[in-house]
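# Reading the structure
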Amino acid sequence: MTIQPVPQMPRRVHKESVAVAAHFERLIAMNELPPGSRLPSERELAATLSVSRTTLREAMHELETKRLIERTPGRGTVVLGPRPEVLELRQLADHTSERDHVAELRSTVEPAIAALAAQRATASNLLQLQDIVDQSSDRLRPADSLRLDLEFHLLLAQASGNPLLVELHSLVSEWAADVRRHSHSTKRGRRTSVLGHTEILEAVRSGDADAAREAMERHLGDVRMLIEQRVGENDARPPRAT
């Protein structure tokens, strides 16, 4: 296993351990460090990341508190897998659903996730989300914009602190994959994504659960409107000559 160095820490981050924790949380969330992965020794990891062992211990303590890793004497540090109740939820899903049902489910689940994130997000969660927003732009290729969109919503779910909501969000994302691809296929759609994520993050950072919920509701409404307009435009086009 190769652990990449921590990206350069923004000036606004005053505690180096926050950046280290954020780095590992993102690797775990994106399955680049899958369950069962064993991390190198503390000495080796600190040297690889160019941080002190004290900084590394603080970061590992946060990850352990969030039940993302387990540290045991003689066994080292291991990335934890989903809890049993999460696996049960995953087994209930058939990975298929009507578009309207998926939109309805998103509009129920994601505002609640945003509200909880506003109440529970740690400094490392906020750093991850800000990094996604900083990378996002309507000038990106659709595939890159979509990837960042998926990361933002997944990391927001992680910030809610509820593993069942994280898993439910992941299932909804799978069901909504086609819709999301459509929404990022135009510059207007990519711009809508960036603006919505920025507003959601501002509300989460302020700790205002109601504002975060409302920002997510507006974001989903804007995306839904874009999709409906595109579908309407496609339906209105005359068929191609054959």
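### Regarding the pattern of salt bridges
- As enumerated under the stated definition, the model contains 17 salt bridges in all.
- In this structure, Arg106 and Glu110 form a salt bridge, with 2.8 Å as the shortest nitrogen-oxygen distance. Pair noted here: Arg106 and Glu110 are both in helix H5 (residues 99-120), with a separation of four residues, about one helical turn.
- For Arg106, a relative accessible area of 10% corresponds to the buried category.
- Here Asp210 ties to Arg213 by a salt bridge, and the two come within 3.1 Å at their closest N and O atoms. Here Asp210 and its partner Arg213 are both found in helix H11 (residues 209-236), three residues apart, which amounts to about one turn of the helix.
- Judged by relative accessible area, which is 31%, Arg213 ranks as partly exposed.
- Here the salt bridges share partners, and the residues they tie into one network are Arg26, Asp131, Arg147 and Glu151.

### Structural notes on the pairing of strand S2 (residues 76-79)
- With four bridges joining them, strand S1 (residues 69-72) and S2 adopt antiparallel strand pairing. Of the residues in S2, the one forming a bridge with Ile69 is Val79.

### What to know about the nonpolar core
- Among the nonpolar cores identified, the biggest contains 30 residues, and Phe152, Leu156, Ile200 and Val204 are the most heavily contacted of them.
- Counting only elements with at least two residues in this core, the list comes to H5, helix H6 (123-135), helix H7 (142-159), helix H8 (163-175), helix H10 (187-206) and H11.
- In this structure Phe152 touches Leu129, Ile132, Val133, His197, Ile200 and Leu201, once residues within four positions along its chain are discounted.
- Counting 18 residues, the second largest nonpolar core, distinct from the first, contains Leu39, Ala46, Leu56 and Ile69.

Quick notes on the rules
- Residues numbered from 1 in each chain as written.
- Predicted model: local features only at pLDDT ≥ 70, side-chain atom pairs only at ≥ 80, totals over all residues.
- Heavy atoms only, no water.
- Salt bridge = Lys/Arg side-chain N within 4 Å of Asp/Glu carboxyl O.
- Helix = DSSP H or I, 4+ residues; strand = E, 2+ residues; numbered from the N terminus.
- Buried < 20%, exposed > 50% of the residue type's maximum accessible area, 1.4 Å probe, protein only.
- Pairing = 2+ DSSP bridges.
- Core = buried A, V, L, I, M, F, W, Y, C linked by side-chain atoms within 4.5 Å.
- Contact = heavy atoms within 4.5 Å.

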